[in-house]
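A closer look at the structure
Each chain, letter by letter, is given below.
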Amino acid sequence: DAMVIQNPRYQVTQFGKPVTLSCSQTLNHNVMYWYQQKSSQAPKLLFHYYDKDFNNEADTPDNFQSRRPNTSFCFLDIRSPGLGDAAMYLCATSRIFGLAGGIDNEQFFGPGTRLTVL
Amino acid sequence: AQRVTQPEKLLSVFKGAPVELKCNYSYSGSPELFWYVQYSRQRLQLLLRHISRESIKGFTADLNKGETSFHLKKPFAQEEDSAMYYCALRVEETSGSRLTFGEGTQLTVNP
């Protein structure tokens, strides 16, 4: 089935040790998003890629970076995780179509990666 | 800036009872509202969107621009409706849409 896949589902890292979360999709969507969801809070958009164009949210800390080497894959890099970065990280995809962009489809979410920082 | 408010973090009803999950928004433009649902141990998924005016799994939601609300309703709740429900507002941009989520309402339907 076409899906949004996130690996690993659970990630444990040490304070200050860089960590990378991955997301892949078989939907051939041109937009990929990363959200952070802390316990009992709403998912919060960190950034997204429209094709290769990176769009950072104004309040996303510099500690968070992203890479999208191709259409199918997108990575979230946390350069120096702090205790406050422990959260569920959600990847989502959507598709923009039409010459002028147009309204994209719904966002399809992956199952998330739960990050624990020790 | 846009904002979505779900005033109830927890909502508990009995099977067969009507249920209403409240959502209010603030946005200066023309809003596009969604309800997403997350069942236990499953991914976040779209339940319905106001544009399509559809009913999914018996749920409906009407956009009330005067009251800036998009409440989710179901006349007869079922146990399988127990889940986390998020209201979301979409802002369309040329670089892709941005979703602003409410903090969610955990619905429990008791037998």
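The rules behind these values
Once a new chain begins, its residue numbering starts again from 1 and follows that chain's sequence as written. Following the order in which they are written, the chains are lettered starting with A and the ligands numbered starting with 1. Totals for whole chains, interfaces and linings use all residues, but because this is a predicted model, local features are given only for residues with pLDDT of at least 70 and pairs of side-chain atoms are given and counted only at 80 or more. Processing note: side-chain calculations cover all non-hydrogen atoms of the structure and skip hydrogens and water entirely. Two strands form a pair only when DSSP identifies at least two bridges running between them. Helix and strand assignments follow DSSP, with helices taken as H or I runs no shorter than four residues and strands as E runs no shorter than two, numbered in order from the N terminus. Simply put, an axis is a line fit to the C-alpha atoms, just over the touching stretch for a helix, and the angle between two N-to-C directions goes from 0 to 180 degrees. For every residue, the accessible area (1.4 Å probe, protein chains only) is compared with the maximum for its type, and the residue is labelled buried under 20%, exposed over 50%, or partly exposed between those bounds. In what follows, residue pairs with any heavy atoms lying within 4.5 Å of each other are defined as contacts. Within this scheme, the nonpolar core is defined by two criteria: the residues are buried Ala, Val, Leu, Ile, Met, Phe, Trp, Tyr or Cys, and they are joined through side-chain atoms within 4.5 Å. Here the quantity called buried area is the total loss of accessible area, with a 1.4 Å probe, experienced by two parts when brought into contact, counted for both. Counted as salt bridges are all cases of a side-chain nitrogen of Lys or Arg within 4 Å of a carboxyl oxygen of Asp or Glu. Think of a polar contact as two N or O atoms within 3.5 Å of one another; within protein, one of them needs to be a possible hydrogen donor and the other a possible acceptor, and neighboring residues in sequence only count if both atoms come from side chains.

**Notes on the sheet that holds strand E1 (residues 4-7) of chain A**
Residues and elements named next belong to chain A. Spatial strand order, E1-E3-E8-E7: 4 strands in an open sheet with antiparallel pairing. The open sheet has two edge strands with one neighbour each: E1 and strand E7 (64-67). Direction aside, the axes of adjacent strands within the sheet are offset by 20° on average. Pairing of E1 with strand E3 (residues 19-25), which is carried by 4 bridges, proceeds in the antiparallel orientation.

**Let's talk about the environment of Ala87 of chain A**
Residue and element names in this part refer to chain A. Summarising the element assignment, Ala87 is placed in strand E9 (residues 87-94). Residue Ala87 is classed as buried on the basis of its relative accessible area of 5%. Once the C-alpha coordinates of Ala87 and Val117 are considered, the two residues, 30 residues apart in sequence, prove to be 9.0 Å apart. If we skip the residues at most four places from it in the chain, Ala87 touches Gln36, Gln37, Lys38, Thr113, Arg114 and Leu115.

**A short note on the nonpolar core**
Residues and elements named next belong to chain B. Residues Trp35, Leu72 and Tyr85 are the most contacted members of the largest nonpolar core, which totals 24 residues. Within the residue set of this core, elements represented by two or more residues are strand E2 (10-14), strand E3 (19-21), strand E5 (32-38), strand E6 (45-49), strand E9 (83-91) and strand E11 (105-110). Counting residues per element, this core draws most heavily on E9, at 4 residues. The residues contacting Tyr85, other than those within four sequence positions of it, are Gln6, Leu21, Trp35, Tyr36, Val37, Leu47, Phe59, Leu72, Gly104, Thr105 and Leu107.

**A word on the interface of chain B and chain A**
Each side of the interface is counted separately: chain B has 18 residues, and chain A has 26 residues. Both sides of the chain B and chain A interface together cover about 1900 Å² of buried area, and 47% of this is carbon and sulfur. Applying the counting rule to chain B against chain A returns 2 salt bridges. At the boundary of chain B with chain A, the tally comes to 6 residue pairs in polar contact (both at pLDDT 80 or more). At the level of elements, E6, E9 and strand E10 (98-101) of chain B are the ones that each hand at least two residues to the side of chain B that touches chain A.

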